[in-house]
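Here is what each chain is made of, one letter per residue.
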Amino acid sequence: MSIAGLVDRFGITIYVFRPTVTTNADGEVGLKFDSVLQTKAFMQPASQSSDVAQGRELGRTNATAYFSGTVDVRIDDELHDVLTGTARTWRVVGIVNPGEVGTSGSAAHLDMTVVDCQEIEAQPRISL
């Protein structure tokens, strides 16, 4: 089955949130995430990795998101499965479109966006 077929049959609605740096009135620097895109993707869980941080292991579930065609997704964007409320959230760590010339030597008809991501702790989203 092609990626387009997987997205059509098993895809879920994904909301892409992009980070921007903000500075509060007291000078505190933070990140603000704004919704920039709503599209459909096939989410494929991959594996779980264990990073050691602060003397303890942290489990991270890796996933791959497949989008039909070229989609504007960037490293550090977040993928959410709902627009508001508590969403499953994935942080983007890598992107490739194998159909783009010179990327991997693949055939040009493989026009899709493949996104490597890690599931992170769900954060409640307030209405926009």
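Residues numbered from 1 in each chain as written. Predicted model: local features only at pLDDT ≥ 70, side-chain atom pairs only at ≥ 80, totals over all residues. Heavy atoms only, no water.

1. Topic: the overall build of the chain
In terms of regular secondary structure, the chain is built from 1 helix and 8 strands. The order of α-helices and β-strands along the chain, N terminus first, is α-β-β-β-β-β-β-β-β. Counting only residues that meet the buried cut, the chain has 31% of its 128 residues in that class. Long-range contacts, defined as pairs at least 24 residues apart, comprise 55% of the intrachain contacts of the chain with a sequence gap of at least 6. Counting only carbon and sulfur atoms, one obtains 50% of the accessible surface of the chain, whose full area is about 7800 Å². (Helix = DSSP H or I, 4+ residues; strand = E, 2+ residues; numbered from the N terminus. Buried < 20%, exposed > 50% of the residue type's maximum accessible area, 1.4 Å probe, protein only. Contact = heavy atoms within 4.5 Å. Areas by Shrake-Rupley, 256 points an atom, 1.4 Å probe, with all protein chains shown as cover.)

2. Here we look at the pairing of strand β6 (residues 89-96)
Bridge count for strand β4 (residues 78-80) against β6 is 3 bridges, and the pairing is antiparallel. Looking at the pairing, Leu79 lines up with Trp90 of β6. Two elements, β6 and strand β7 (residues 112-120), share 7 bridges in a ladder whose sense is antiparallel. Each residue of the ladder has a partner; that of Trp90, found in β7, is Glu119. (Pairing = 2+ DSSP bridges.)

3. Details of the nonpolar core
Of all hydrophobic cores here, the largest spans 14 residues; its most connected members are Ile14, Met43, Phe67, Val73, Leu79, Trp90 and Val115. Mapped by element, the contributors of at least two residues to this core are β1 (12-23), β2 (29-53), β3 (56-68), β6 and β7. If you look at the next biggest cluster of nonpolar residues, it comprises 6 residues, including Ile3, Leu6, Phe42 and Val114. (Core = buried A, V, L, I, M, F, W, Y, C linked by side-chain atoms within 4.5 Å.)

4. Regarding the pattern of salt bridges
Enumeration according to the criterion identifies 6 salt bridges in this entry. Linking Asp77 and Arg18 is a salt bridge whose minimum nitrogen-to-oxygen distance equals 2.8 Å. Within this pair, whereas Asp77 is found in the loop between β3 and β4, its partner Arg18 is found in strand β1, the two being separated by 59 residues in sequence. A salt bridge links Lys32 to Asp34; the nearest nitrogen and oxygen atoms lie 3.5 Å apart. The exposure class assigned to Asp34 is partly exposed, which follows from its relative accessible area of 28%. (Salt bridge = Lys/Arg side-chain N within 4 Å of Asp/Glu carboxyl O.)

5. Quick word on unusual backbone geometry
For Asp76, which is not a glycine, the phi torsion comes out positive at approximately 80°. Residue placement: Asp76 occurs in the loop between β3 and β4.

6. Regarding the confidence of the model for the chain
The predicted model of the chain has a mean per-residue pLDDT of 82, with 77% of residues at 70 or higher. Averaged pLDDT values for the elements of the chain fall to 58 in strand β8 (residues 124-125) and rise to 93 in β4. (pLDDT = per-residue confidence, 0-100.)

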